[in-house]
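# Observations on chain architecture
What follows is each chain in one-letter form.
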Amino acid sequence: MTVNFTSAAIVAMLCWAIGSLLSIFGRKTPALKAPAFVLSLGGSLVMGAFIAFYWVLLDRPPLRTLGETRLWYAALIPLVGLLVEYRWKIGWLKYYCMALAAFFLGINMLHPEVFDKTLMPALQSPWFIPHVIVYLVGYVLLAASSVTALHNVSLQMRHKNNSAGESVSHYLALLGFVLLSFGLIFGALWAKEAWGHYWTWDPKETWAFLSWLAYLGYLHAWRYKIDRAKLQWYLALSFVVLLVCWFGVNYLPSAANSVHTYSQS
Amino acid sequence: MVDLPRRLFQSPWEFREAAFFTAFAVIAGFAVQYAGLGVGVPQTHLPYNALFLGTFAVASLSAGVAFRNNAFVNWLGGIPLGLCLIFAIALLSLIGGVVPQTAVKPGSMQALFGLNQIFSSWPFALTILLFLGNLGLSLSWKLVPLKVKNIQFILFHAGFWIALSCGIFGAPDLQRLVVPVEEGKTTNLGYTMESETPQSLPFSVFLQDFSLEEYPPQLLLFDPNTGKIFEERSKTNILVHKGLKASWKGLDIDVLDFIPFALPGKSGVPEPADRTAGIPFAKIRITSKNATTREEWITTGSPFVDTKDAQVGSLLLGIRPGSPKAFRSEVTVQDETGNQSKATLEVNHPINFMGWKLYQMGYDQKSGRWSKLSLIEVIHDPWLPAVYLGFFMIMAGNILFFWNGIKRTEESA
Ligand code: HEM
C-alpha cells in the first residue's frame, strides 16, 4: 500500500512542479499555458484517482484519520487556486496552493499510516461523509483565503494597490464560513444520532466553535467597514485557529477526554 | 470609523466603550463566581427558564423598537458591542478548550473561578445573556418593519438566538441516564453520571438479545515477555482471511484456511460451528529462515476455549478478536399503562419512545461478543425542537448567504 501511495504522490508532485514551471514561462510564451493548466489539474486528478482507489481498497471512505483527510486536501486545494485564476485572473494563488498540496503529501510520505479497514460503529452513519467533506472543502477555501490575505499584506507593505486581492480573500472567507456553518450543524445533528446529544462542549467541538466565531467576527468587522487592509491581517491569522482545531486539539491537555480522538494518528 | 479624536465615553460610543463594557461584564462574572465559592449558575427548570427566556426576548425586542433612536440603545444593539462580546465568548470558550473540563478539588483556583466548568459558570452566562440582548436589539430593527430583503439577516440572527438561548437555558432540563440491562431481564432504573443511586424511569426495558459483530481477527506477532507488537512489513492492520500472506523480517506467514465460527475438533482440526458458540480459527504455514516450514491451527480463544498461538522462536504469532463492527440490542419497551414497542437498538440508530430517545451505548467489554449486558442510554430533551428550529433557520440563512454572496461578487467584478 505504501508503495502505491508514494508513486501516486510523486506523480502528482511532478505534475504540479512542471505545471508551475510551465506556467511561469507561459507568461512570456503563451503556447505553454495550456499544457501548464493540464498538468496542474492532472496532479489533482491523480490524487483524486488515488483516493477513489484507496476508498475501494479500504471498503470505507478514506476520511477517518488525519493522514486520510490530508489526501483530500492535497487533491482539492490546487483546484481552488485554478478556480481563482479562472474567475478573477489572479495567477499567483495557484502556486501557493500547489506547494501546500505537495507539503501535505510530503507529511504523509514521512509518516506512513497503518492501512486499516475497520470503521467503528459511531462513524458508520449517513452523516459521516457530508459532515467531513463539507468541513474539508470549508478548510480548503479558508486556507486559500488566508494565503490570499497574507499575499495582500505583503503587497500593502510594498505599497501596491490591490483591491481585487482583497475581494478574493473576502469571497473565499465568505464561502468558507458558509461551509463551516453547515459542517458545525451537520456535526451537531449527527452527534445527536450517534452520541445522544447535539453539543457537549467536547474539546473538538469547542475548537470548531472557536474557529467559526473567528470568521463570524471577520464578517461583521467587514460589514462595519473596518479598514479592509487591516482585516487582511485578521484573515491571515484566523487560519491559525483552524489549524489548532484540525491538528492541534489532539495535543492539548483538554483532549484526554474527547470522544473524537479516533482521528488521532 | 470616527475621524476626530474622541474621548472615552464621549458620544458616539463605539469599540472602546464596548470593550470596557464587555471586560467589566466578564470580570464581574468571575467575581460573582468567586463570591459564590465556585458554585456556578443556579439551574432553572421548566417552566421558569422558559418564562425567563420569553420575557427577556419580548423585553429586548420591544426595547429595540421603542428606543430605536436612542444613541445608547443603538450602541447596545450595534456591531461594535457584538464583536466585543463574540470576542469574549471566544476567549471563555478558549479556556474551555484548553483547561480540561473535569471535576477538580473544591477550593482550588480552577474550581473557585469555574475554569473547569466554564460553560456553566457566571462569566459565561453573563456574556451569553448580554450577547442575546445585543442580538435581540439588532433583530428588532430588522423585524419591525418586516422587509423581504432582511430575510437572510433574520434567519441567521434569529436562528442563532433561538439555538443558543434554548440550548443553554434548556440544558438543566436535559435528562441523560444510562440503563444497564441483562439479557432476559427487565429494568426501569437509570443512572446519571454523577450519582450512584438509580432513578426510576416512566418506562421499562426488556432485553431479548444482545449481539455483536466483529471485524475479522487481526494477525499479530509479539513478544510474550514484553508485550511488544512487531509491525508487519506492509504496515497493514492485517485482517485475517484465507489466502492472506504476511511477512516480518525472516518470517513468512500464509493463511491456508480460515473458519470464522468453529470449535476445537477431536483430531486437532477445528469443526465449523454456529455463530453464537463458534470462534475464529486459522490454519497458518510458517516459513522462517532458520527453522523448517510447518503448519498449524491457531485461534483467538473465547471465555470458553483457550487461546492458541504459534511459537516462532522466542516470539508468539496469534490472532486476536477484531474490533467491533456493529452491536445491537433487541428490546421491548413498555410504559406504565402497558403500551409496548419492540425495537432494535444500534449505534447511530436510536429509537423514540414517549418523548425519550433510546441509544445503544455499550456493553460488557471484557466479555466482548459474549456480553449478556447491554448499556442503553436514555435521553429526554424537551428543548430539542426549539434548538433544531434554530439550526434549520441558520442553514436556510446560509443558503441565501451563499447565493447572494455569489451574486454580489459577480456584480462587483
Ligand atoms: C453579536 C450579535 C450580532 C449582531 C449585533 C449582528 C449584527 C449584524 C449586522 C448589523 C449585520 C449587517 C446586516 C445588514 O447590513 O443587513 C450582520 C450581518 C451578518 N450577520 Fe450578524 N450580528 C450578530 C451575530 C451574528 C451571528 C451569531 C451570526 C451567525 C449565525 C451572524 C451572521 C451574520 C451574517 C452571515 C451576516 C452577513 C454578513 C455580510 O453580509 O457580509 N451574526 N450582523
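Residues numbered from 1 in each chain as written. Chains lettered and ligands numbered in written order. Predicted model: local features only at pLDDT ≥ 70, side-chain atom pairs only at ≥ 80, totals over all residues. Heavy atoms only, no water.

## Description of the packing of helix 4 (residues 79-98) of chain B against helix 6 (residues 122-143) of chain B
The relative placement of two packed helices comes down to the angle between their axes together with the axis-to-axis distance. Residue and element names in this part refer to chain B. Between helix 4 and helix 6, the shortest axis-to-axis distance is 10 Å and the interhelical angle comes to 155°. The angle between the axes of helix 4 and helix 6 places the two elements in the roughly antiparallel class. The two elements helix 4 and helix 6 cross, and the hand of that crossing is left-handed. Of helix 6, the residues touching helix 4 (which contributes Leu81, Gly82, Leu85, Ile86, Ala88, Ile89, Leu92 and Ser93) are Pro123, Phe124, Thr127, Ile128, Leu130, Phe131 and Asn134. Here the contact of helix 4 with helix 6 is composed, by residue class, of 11 nonpolar, 4 polar and no charged. (Axes fitted to C-alpha atoms, helices over the stretch in contact; angles between N-to-C directions. Helix = DSSP H or I, 4+ residues; strand = E, 2+ residues; numbered from the N terminus. Parallel < 35°, antiparallel > 145°, perpendicular 65-115°, else oblique. Left-handed = near helix turned anticlockwise from the far one by under 90°. Contact = heavy atoms within 4.5 Å. Nonpolar A, V, L, I, M, F, W, Y, C, P; charged D, E, K, R; others polar.)

## As for the site of the ligand
As a matter of local geometry, the ligand sits amid 19 residues, with His220 and Arg223 of chain A together with Asn134, Lys142 and His157 of chain B nearest to it. Neighbouring residues of the ligand are distributed over chains A and B. Within the side chain of Lys142 of chain B, a nitrogen or oxygen atom sits 3.0 Å from an oxygen atom of the ligand. The contact in question runs from a nitrogen atom of the ligand to an N or O atom on the side chain of His157 of chain B, over 2.7 Å. The cavity where the ligand resides is the second largest pocket. Counting only elements with at least two residues in the shell around the ligand, the list comes to helix 7 (203-223) of chain A together with helix 4, helix 6, helix 7 (151-169) and helix 8 (384-412) of chain B. If you tally residues by element for the shell around the ligand, the top one is helix 6 of chain B, at 5 residues. Among the residues making up the shell around the ligand, the classes are represented as 9 nonpolar, 7 polar and 3 charged. (Near = heavy atom within 4 Å. Polar contact = N/O pair within 3.5 Å; in protein donor to acceptor, adjacent residues only side chain to side chain. 1 Å grid on protein atoms, 1.4 Å probe; cavity = no way out; pocket = protein on both sides within 12 Å on 5 of 7 lines; lining within 4 Å. Sits in = over half its atoms within 2 Å of the grid points.)

## Digging into the pattern of salt bridges
Residues and elements named next belong to chain B. Applying the stated criterion across every chain yields a total of 17 salt bridges over all chains. Two residues, Lys283 and Glu295, come together in a salt bridge whose shortest N-O distance is 3.9 Å. With Lys283 in strand 9 (residues 279-288) and Glu295 in strand 10 (residues 294-299), the pair connects residues that are 12 residues apart, well separated along the chain. Across the salt bridge formed by Glu296 and Lys308, the nearest N and O atoms sit 3.1 Å from each other. Taken together, the residues Glu296 in strand 10 and Lys308 in the loop between strand 10 and strand 11 (310-312) connect sequence positions 12 residues apart. Where salt bridges share partners, they join Lys245, Asp254, Lys283, Arg285 and Glu295 into one cluster. (Salt bridge = Lys/Arg side-chain N within 4 Å of Asp/Glu carboxyl O.)

## Considering helix 7 of chain B
Given a rise of 1.5 Å per residue, 19 residues ought to cover 27 Å, and the 26 Å separating the end C-alpha atoms of helix 7 of chain B matches this to within 8%. Burial runs high along helix 7 of chain B: 15 of the 19 residues are buried. (Expected span 1.5 Å × (residues − 1). Buried < 20%, exposed > 50% of the residue type's maximum accessible area, 1.4 Å probe, protein only.)

## Focus: the coordination of the iron atom of the ligand
Protein coordination of the iron atom of the ligand is provided by His220 of chain A (NE2) and His157 of chain B (NE2), with donor distances spanning 1.8 Å. Viewed at the metal, the 6 donor atoms of the iron atom of the ligand are separated by angles of 86 to 179°, and the geometry they form is octahedral. Here His220 of chain A is found in helix 7, whereas its partner His157 of chain B is found in helix 7 on a different chain. Judged by its relative accessible area of 15%, His157 of chain B is buried. (Donors = N, O, S within 2.8 Å, 3.2 Å for Na, K, Ca; no water. Tetrahedral: all angles 85-135°; square planar, octahedral: opposite > 155°, others 65-115°.)

## Overview of the sheet that holds strand 3 (residues 199-214) of chain B
Residues and elements named next belong to chain B. If you trace the 4 strands from one edge of the open sheet to the other, you get 2-3-13-14, paired in antiparallel fashion. Pairing within the sheet leaves two strands with one partner each, and these edge strands are strand 2 (186-190) and strand 14 (340-346). The sheet shows a mean angle of 35° between the axes of neighbouring strands, taken without regard to direction. Bridging between strand 2 and strand 3 involves 4 bridges; their strand directions are antiparallel. Bridge assignment links Gly190 to a residue of strand 3, and that residue is Gln199. (Pairing = 2+ DSSP bridges.)

## A short note on the packing of helix 3 (residues 66-88) of chain A against helix 4 (residues 93-110) of chain A
Residues and elements named next belong to chain A. Close contact between helix 3 and helix 4 brings their axes to 8 Å; oriented N to C, the two are set at 170°. With respect to their mutual orientation, helix 3 and helix 4 come out roughly antiparallel. Each of Gly67, Arg70, Leu71, Tyr73, Ala74, Ile77, Pro78, Gly81, Leu82, Val84 and Glu85 in helix 3 lies in contact with helix 4, whose residues at this interface are Leu93, Lys94, Cys97, Met98, Leu100, Ala101, Phe104, Leu105, Ile107 and Asn108. The residue makeup of the contact of helix 3 with helix 4, split by class, is 15 nonpolar, 3 polar and 3 charged.

## Examining the nonpolar core
Burial of nonpolar side chains together is a common tendency in soluble globular proteins. Of all hydrophobic cores here, the largest spans 130 residues; its most connected members are Met47, Tyr73, Leu105, Trp212 and Tyr215 of chain A together with Phe391 of chain B. No other element matches helix 6 (residues 163-195) of chain A, which puts 18 residues into this core. Every residue in contact with Phe391 of chain B, bar those within four places of it in the chain, is listed here: Ile185, Ala188, Leu189 and Tyr198 of chain A together with Ala163 of chain B. (Core = buried A, V, L, I, M, F, W, Y, C linked by side-chain atoms within 4.5 Å.)

## Thoughts on the sheet that holds strand 11 of chain B
All names here are of chain B. Reading across the sheet, the 4 strands line up as 5-4-12-11 and stay open at both edges, with antiparallel pairing between neighbours. Taken across any chain shown, the strands that pair with only one partner, and hence form the sheet edges, are strand 5 (229-230) and strand 11. Here 2 bridges tie strand 4 (residues 218-222) to strand 5, and the two strands are oriented antiparallel to one another. In the sheet register, Leu221 faces strand 5, and the bridge partner there is Phe230.

## Points about the layout of surface pockets
Of the pockets and cavities examined, the second largest pocket occupies roughly 1000 Å³. In terms of lining, the second largest pocket is formed by 36 residues, of which the most central are His220 and Arg223 of chain A together with Gln152, Phe153 and His157 of chain B. If you list the elements that add at least two residues to the lining of the second largest pocket, you get helix 6 and helix 7 of chain A together with helix 4, helix 6, helix 7 and helix 8 of chain B. Residue classes in the lining of the second largest pocket are distributed as 21 nonpolar, 11 polar and 4 charged. (Points joined across faces, edges and corners; volume = space filled by probe spheres on them.)

## Side note on the packing of aromatic side chains
All names here are of chain A. For the structure on display, the rule yields 45 aromatic pairs over all chains. Relative to Phe186, the ring of Trp127 lies with its centre 5.5 Å away and its plane at 50°, an arrangement referred to as tilted. With Trp127 in the loop between helix 4 and helix 5 (128-157) and Phe186 in helix 6, this pair connects stretches of sequence that are 59 residues apart. Classification of Trp127 by relative accessible area gives partly exposed; the value is 25%. Residues Phe177 and Trp212 carry aromatic rings whose centres are separated by 5.6 Å and whose planes lie at 20° to one another, so their mutual orientation is stacked. (Phe/Tyr/Trp six-rings, centres within 6.5 Å; stacked < 30°, edge-to-face > 60°.)

## So, the pairing of strand 14 of chain B
All names here are of chain B. Where strand 13 (residues 324-335) lies against strand 14, 7 bridges are found, and the strand directions are antiparallel. Considered in strand 14, the bridge of Glu330 is made with Thr344. Joining the antiparallel neighbours strand 13 and strand 14 is a turn of 4 residues, in which Gly338 adopts a positive phi near 100°.

## Side note on the side chain of Arg60 of chain A
Residues and elements named next belong to chain A. Following the sequence through the fold, Arg60 ends up in the loop between helix 2 (33-58) and helix 3. Taking relative accessible area as the criterion, Arg60 reaches 3% and is therefore assigned buried. For Arg60, the side chain forms a polar contact with the main-chain oxygen of Thr118, separated by 3.4 Å. Apart from the residues within four sequence positions on either side, Arg60 is in contact with Trp55, Glu68, Asp116, Lys117, Thr118 and Leu119.

## Things to note about a nonpolar patch on the surface
All names here are of chain A. There is a patch of nonpolar side chains on the surface, built from Met157, Trp233, Leu237 and Val240 and spanning about 430 Å² of accessible area. Residue contributions to the nonpolar patch peak at 3 residues, all from helix 8 (residues 228-248). Checked against the element boundaries, Met157 lands in helix 5. For Met157, a relative accessible area of 55% corresponds to the exposed category. (Patch = residues over 30% accessible without salt bridge, like charges linked within 9 Å, V, L, I, M, F, W, Y side chains within 5 Å. Areas by Shrake-Rupley, 256 points an atom, 1.4 Å probe, with all protein chains shown as cover.)

No statement about biological role is implied by the geometric values presented.
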